[in-house]
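Structural description and commentary
These are the residues of each chain, in order.
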Amino acid sequence: MPNELPQTVLVLGGDGFCGWPTALDQSDRGRNVVIVDNLSRRKIDAELGTASLTPIQSPERRLEAWRALSGRTIDFVDLDVSADVEALSGLLDKYRPDAVVHFAEQRSAPYSMLSTTHRTYTVRNNLMATQNLLEAIRLSGVPTHVVHLGSVGVYGYSSKDWTMPEGYLEVTVPSSAHPDRQVEILHPFEPVSIYHLSKCMDAQLFEFYARYDNLRISDLHQGVVWGTQTRLTSQSDLLVNRFDYDSVWGTVVNRFLMQAALNHPLTVYGVGEQTRAFIHLEDAVNCVNLALENPPAPGDRVRVRNQVAECLRVLDVATVISEQTGAEIAYVDNPRNEQAQNTLSVTNKSFSDLGFTPTLLRDGIWRESVEIAQRFRVDVDLDRILPARPGAHAGESV
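Residues numbered from 1 in each chain as written. Predicted model: local features only at pLDDT ≥ 70, side-chain atom pairs only at ≥ 80, totals over all residues. Heavy atoms only, no water.

Section: the overall build of the protein
Scanning the protein from N- to C-terminus turns up 12 helices and 14 strands. Relative to its length of 398 residues, the protein is compact, with a C-alpha radius of gyration of 20 Å against a globular reference of 21 Å. With respect to the principal axes defined by its C-alpha atoms, the protein has extents near 60 × 60 × 40 Å. The 398 residues of the protein split such that 59% are buried. When contacts within the protein are restricted to residue pairs at least 6 apart in sequence, long-range pairs at least 24 apart make up 82% of them. In the protein, 36 side chains carry a positive charge and 50 a negative one; their mean positions are 2 Å apart. (Helix = DSSP H or I, 4+ residues; strand = E, 2+ residues; numbered from the N terminus. Rg over C-alpha atoms; globule rule 2.2 N^0.38 Å. Buried < 20%, exposed > 50% of the residue type's maximum accessible area, 1.4 Å probe, protein only. Contact = heavy atoms within 4.5 Å. Lys, Arg positive; Asp, Glu negative; His and termini not counted. Charge placed at Lys NZ, Arg CZ, Asp CG, Glu CD.)

A short note on helix α1 (residues 19–28)
Each turn of an α-helix holds 3.6 residues, which means side chains three or four residues apart point in the same direction. With nine of its 10 residues buried, α1 lies for the most part within the structure. Gly19, Trp20, Pro21, Thr22, Ala23, Leu24, Asp25, Gln26 and Ser27 are the residues of α1 that are buried. Looking at the buried positions of α1, the neighbouring elements they touch are β1 (8–12), β2 (32–37), α3 (59–70), β3 (74–78), β4 (99–102) and α9 (281–293). One or two residues past the end of α1 sits Gly30, with phi positive at roughly 90°.

What to know about helix α7 (residues 194–213)
In this model α7 runs 28 Å from its N-terminal to its C-terminal C-alpha over 20 residues, within 8% of the 28 Å that 1.5 Å per residue would give. Backbone nitrogen of Tyr195 and a side-chain oxygen of the N-cap are separated by 3.3 Å at the start of α7; the cap is Ser193. Just downstream of α7, Asn214 is the residue with a positive phi angle, here 60°. (Expected span 1.5 Å × (residues − 1). Polar contact = N/O pair within 3.5 Å; in protein donor to acceptor, adjacent residues only side chain to side chain.)

Notes on the side chain of Asp15
Position of Asp15 relative to the elements: it lies in the loop between β1 and α1. Ignoring sequence-local partners within four residues, the contact set of Asp15 consists of Trp20, Ile35, Asp37, Leu39, Arg42, Pro59 and Arg62.

Looking at the packing of helix α8 (residues 252–261) against helix α12 (residues 367–375)
Between α8 and α12, the least distance of the axes is 8 Å, while the angle of their chain directions is 55°. Judged on the interaxial angle alone, α12 and α8 are oblique. Along this stretch, α8 crosses α12, giving a crossing that reads as right-handed. Facing Leu257, Met258 and Ala261 of α8, the residues of α12 in contact are Ser369, Val370, Ala373 and Gln374. (Axes fitted to C-alpha atoms, helices over the stretch in contact; angles between N-to-C directions. Parallel < 35°, antiparallel > 145°, perpendicular 65-115°, else oblique. Left-handed = near helix turned anticlockwise from the far one by under 90°.)

Side note on the confidence of the model for the protein
Across the protein, pLDDT averages 92, with 96% of residues at or above 70. Low pLDDT, under 50, characterises residues 389–393; the predicted model gives this stretch 14 contacts beyond four residues in sequence or across chains. (pLDDT = per-residue confidence, 0-100.)

A look at the side chain of Glu310
For Glu310, the position within the fold is in strand β13 (residues 310–313). In terms of polar contacts, Glu310 uses its side chain to reach the backbone amide nitrogen of Leu361, at 2.7 Å. Filtering out sequence-adjacent residues up to four positions away, Glu310 remains in contact with Arg276, Ala277, Phe278, Leu360 and Leu361.

Here we look at the packing of helix α6 (residues 116–140) against α7
In the contact formed by α6 and α7, the axes pass within 9 Å of each other and the chain directions differ by 15°. Taken together, the axis directions place α6 and α7 in an arrangement best described as roughly parallel. For the crossing formed where α6 meets α7, the hand is right-handed. Contacts between α6 and α7 pair Arg119, Thr122, Val123, Asn126, Leu127, Thr130, Gln131, Leu134, Glu135 and Arg138 from the former with Ile194, Tyr195, Ser198, Met201, Asp202, Leu205, Phe206, Tyr209 and Asp213 from the latter. Split by residue class, the contact of α6 with α7 holds nine nonpolar, five polar and five charged. (Nonpolar A, V, L, I, M, F, W, Y, C, P; charged D, E, K, R; others polar.)

This is the structure in structure tokens:
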């Protein structure tokens, strides 16, 4: 029997890089969408002196533009979900959502490692946002499905001679009663930053609430996102998505695309042998929808899906972009506390079984991001491209 499609979807963190295109996608599919956000990402820009290269409109202006273009309305609620479980429970009572997409977490590994203050904020914000959501669902009794944006980084980036499974690892347990019995356990965590550590802690919360309170939860372990726009955000400058290129928020691919647009050398950290999983933004949005339309049943364990398209070395990424733009490659001392090289293989079977056909970097649709960077190049702050001091932080932004 096919799953019933969700009719009402809450998007926590729906003003952000992944949340905004997801909210538009769900609205475009005819669903009632509510964005819940406290605009913390915009406030952090003010704190760090960073900014999206593309000019981001206010939430009100964005939603007005979407209504004018599509004829559909998206509600907006200004709420810090990490601070007010009662208000969040009230929202669930009011809207009775079929699903909640949980993006309401500080998303940058480098930001999480800037200082003790930033480490503490990341843990407190991310864990309490998750805990409050799960507790609000329990309190309200609304039988909603949680789709959470996790990270492949929970598996760690040390070389392993097996493919990263989707959340669970089959192990052999020596036992006198059942010799060599095989069971599945949560794959051991190996976080490389405080941000990734918070995602590991999320996973433990999910396991508990699914087992103890029968909550339906999908945890999407996502690779590094590249690209800037989706089909919907590119329809109007008023809907344009964020383009982060700085060393704290910009992912490695987007940082290279910005550098290529400026005829600036592509700054490869170390020898570029760090291997990461990648996914295009449009694919990430589509995978969220596939997860929404294929929820676990009440009583099922957490459904973990690897939301990735391919695994590449940083040098592979730079080479593809260099060959097609003419940009030079420059090797610089690695400012991040990470292994100089690693291997990584990640399965995405659960999404491929649902028909997911990923966009690969070699397909070349990243040229749109180069064009956007060239269009707004006058606003680029070159001092923001590289970290200000060695060893300041670890890992990549998601």
